[in-house]
Amino acid sequence: MIRRSFFTFRTTLGSAAVLVCGASATLAWGPDITRTPHDPAPGSAEAAPRFKPLPPPSLNFYGSPGLLDTPSAEMLPDATYAVSYSLFGGQSRYNITFQALPWLSTSFRYNGIRNLNLFGFSTYYDRGFDVRARLWKEGKYLPEVTMGLQDFAGTGVYAAEYFVATKRFQTPALSRRSGPGLLKISAGLGWGRLGSYGAIGNIGGQRPSFVGGGTGGQLSYDQWFRGDFAPFGGIEWQPNDRWSLKAEYSSDAYITETQVSDVFERKSSLNFGAEYQYSNRTRLGAYYLYGSEVGFTAQFQLNPRQPMTPMVVPAAAPILPRSEWAVGENDWNQDWPQSSHQTTVFRDQAAEALKKDGLILEAIHFTGTEVELRYRNPRYQSEMQAVGRVARTMAATLPASVETFRITPVRNGVGLSTVTLRRSDLEALEFNPQASETILAVSAISDARPLAEDAIFSNELYPAFSRSISPYTKPSYFDPSRPFRLDLGVDLTASYAPAPGWFIAGALRQRLAGNVKRSRKSNSVLPHVRTDVAEYAQYGTTLENLYVMRHWKPGRNLYARASAGLFETMYGGISGEVLWKPVNSKLALGIEANYVVQRDYDQRLGFRDYKTFTGHGSLYYELGHDYHLQLDAGRYLAGDYGGTLSLDREFNNGWVVGAFFTLTNVSAEDFGEGSFDKGFRFRIPLAWMLGKPNRRGYGLTIRPTQRDGGQRVSVPGRLYGSIRTAHRNRLQEQRARFWE
């Protein structure tokens, strides 16, 4: 079975029932579908293909593809971001799973176990990480096989390892309208939790049991696939694309919950459940577990490639070939512009046309048959889409004699790159079947050269003042007494750009409600560079930031930034950064240095006594397949030295999902709970949710534990993220957007 998800319609080819989807296809072989006298006639509206979603694999109580409490070998569609909640027997599990590659998925889980009472709390909360890798795909006779590590880097309360196989079979349709059903059979061997009941063997002797305590966060590789192992398995039947029925045999003895915390009584190894696919993204389930408990789950699956709202973009203006309107010699006169008035007229025409596409003309330079246009893109997520719109504007407004277009996107007053193309290529390729590939082949992408002295800027572009008011939320996670806290309010921001590259900005914050100020007090033995969150949350009206910043290009392939002021809630000071990033290279190197002072708790203009120097050297590399690697090494806020490894997957529509970890010379004991800094982050673009072009998005970074080791200052306007968006690799990935 070849399977890809989005939407499907059903037709017949001989004895094959064929499911075709919008971006891909599923071929399901089965009996002929024959017509009855009551069936609609072929070709009629009633007989037209019906589109319906193809349900993805369901999730188990651990947030991974599976049955109820045991895993299956299935993988979610690539790039799926799934959030789920499960509850049974005095236990709650909040799960986040990301399908990082078609064959690899990762999960983060936050668990609550009632009455465990390890540290004086009525509910014991624990964090865990999982990873699953598919060993081989399902074939005609062979099942799909997956290996998994569960809770492999925490305190080990849910630690388990397993191999599991799943085979799918088509079942007869319950009715003509429902289509054939699907039966999935899974079986596996588990260690740790999944080897604690009904063991059939042992590898490596006795395995340490969970006792609680310690700092956690360490890889328990010395325990993987060690100790007793036991079989588990089950079946799932999907009679249609909405309902599924599940039954499983679990090899988890639940020793901690039944003997230590007495949360529930385990009477049976058999579990049963039913699930309902409420919508394309939402699935609900109810279960009877271990002969004594009722459980529930709610599952939400998002895929960056499937927007919540279809994107609606105003159609681009067609390219009118010059041969259709340039009929006089004057149109082809290369000795222009002949006056400053003429250049101003063309500048204003181009600026007005760009404004209709949501773009801003920065500057324009005329040299006979060549024109360079610099623009800002506050609207389109894809820079290549903006380049295409600018090219159309130039073709519609410039004299016929202009053959070469140099298009330069600008961010913070700095040219990021220059796309050079011929006007005749635009005219010839607009309706070419291979237009997306060909336009890239005939264009040159180079480093943006310095702006010519006789270039003219857009009328009244500088100085520029802007202001806005917007809501804000500030969450706090994983306090043992209350796992989630939240402050909310409004931000009043203002900015002033006196000249290209210069930027002055500030933000006033008014907290309206919240309980972050009740967070636990810091017990860190390191300088409290981040853990005094509660102290900074005591005040209602604060000055969030106030700084001056300058961006410029000191040389070829070089970019620079200098900043001074109040950068963020906790720190102010001075900062400098230099980045080397060739336009046509996947590699970039940067260096940043900061001298910062810790701000007073009231976040006005005062400072505390703590001062420090922090700086890093950074290596950035675009790995391909949407992945970006970043390695930072240097000195952190608490005076510790070490490095941070980050891996992010960024999609062309602006979705970002990533993870990071930091190791420094701070010992696990001094670091405290969690042993070292780590976390994951995501960003969801507003355009993906609203269906309208927009560069803004909602982003969040989640750390299992906020401690003081491995922490960096947050400085606005860092270079790499904004610069690489207009370089060759990114433009090449988005080449099809040029014609949108």
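Residues numbered from 1 in each chain as written. Predicted model: local features only at pLDDT ≥ 70, side-chain atom pairs only at ≥ 80, totals over all residues. Heavy atoms only, no water.

Chemist: Mind showing me how you'd approach the pairing of strand β19 (residues 404-411) here?
Modeler: Within a regular strand, the side chains alternate between the two sheet faces. The buried fraction of β19 is high, at seven of eight residues. In this structure, strand β18 (residues 370-376) lies alongside β19, joined through six bridges in parallel fashion. Looking at the pairing, Val371 lines up with Phe405 of β19. Following the chain from β18 across helix α3 (residues 383-397) to the adjacent parallel β19, one finds a crossover that is right-handed. When β19 meets strand β21 (residues 418-422), the two strands line up antiparallel, connected through four bridges. Across the sheet, the residue bridging to Thr404 is Arg422, located in β21. Here β19 runs beside strand β20 (residues 414-415); their pairing, made up of two bridges, is antiparallel. Looking at β20, one finds that Val410 is bridged to Gly415. Following β19, the chain reverses through two residues before pairing antiparallel with β20; Asn412 in that reversal takes a positive phi of roughly 55 degrees. (Buried < 20%, exposed > 50% of the residue type's maximum accessible area, 1.4 Å probe, protein only. Helix = DSSP H or I, 4+ residues; strand = E, 2+ residues; numbered from the N terminus. Pairing = 2+ DSSP bridges. Right-handed = clockwise from strand over helix to strand, strands pointing away.)

Chemist: For this particular structure, what's the right way to read unusual backbone geometry?
Modeler: Across the chain, the bulk of peptide bonds are trans and the bulk of non-glycine residues have phi less than zero. Following Tyr462, the chain continues to Pro463 via a peptide bond in cis, the omega torsion being -10 degrees. Within the fold, Pro463 resides in the loop between β23 (456-457) and β24 (464-479). A positive phi is found at Phe225, a non-glycine position, where the angle reads about 55 degrees. Here Phe225 lies in the loop between β11 (201-203) and β12 (227-238). Of note, the phi angle at Asn412 is positive, near 55 degrees, even though the residue is not glycine. Positionally, Asn412 belongs in the loop between β19 and β20.

Chemist: Can you walk me through the packing of aromatic side chains in this structure?
Modeler: The geometry of an aromatic ring pair is captured by the separation of the ring centres together with the interplanar angle, meaning the angle of the planes. Tallied over the entire structure, the rule returns 32 aromatic pairs. With a centroid separation of 4.9 Å and an interplanar angle of 45 degrees, the aromatic rings of Tyr85 and Tyr94 are classed as tilted. Seen from their ring centres, Trp243 and Tyr276 are 4.8 Å apart, and the 45 degrees between their planes marks the pair as tilted. Taken together, the residues span a long stretch of sequence, with Trp243 in strand β13 (residues 243-249) and Tyr276 in strand β14 (residues 270-277) at a distance of 33 residues. Residue Trp243 is classed as partly exposed on the basis of its relative accessible area of 44%. The rings of Phe108, Tyr110, Tyr125, Phe129, Tyr477, Phe478, Phe484 and Phe680 are connected pair by pair, giving a single aromatic cluster. (Phe/Tyr/Trp six-rings, centres within 6.5 Å; stacked < 30°, edge-to-face > 60°.)

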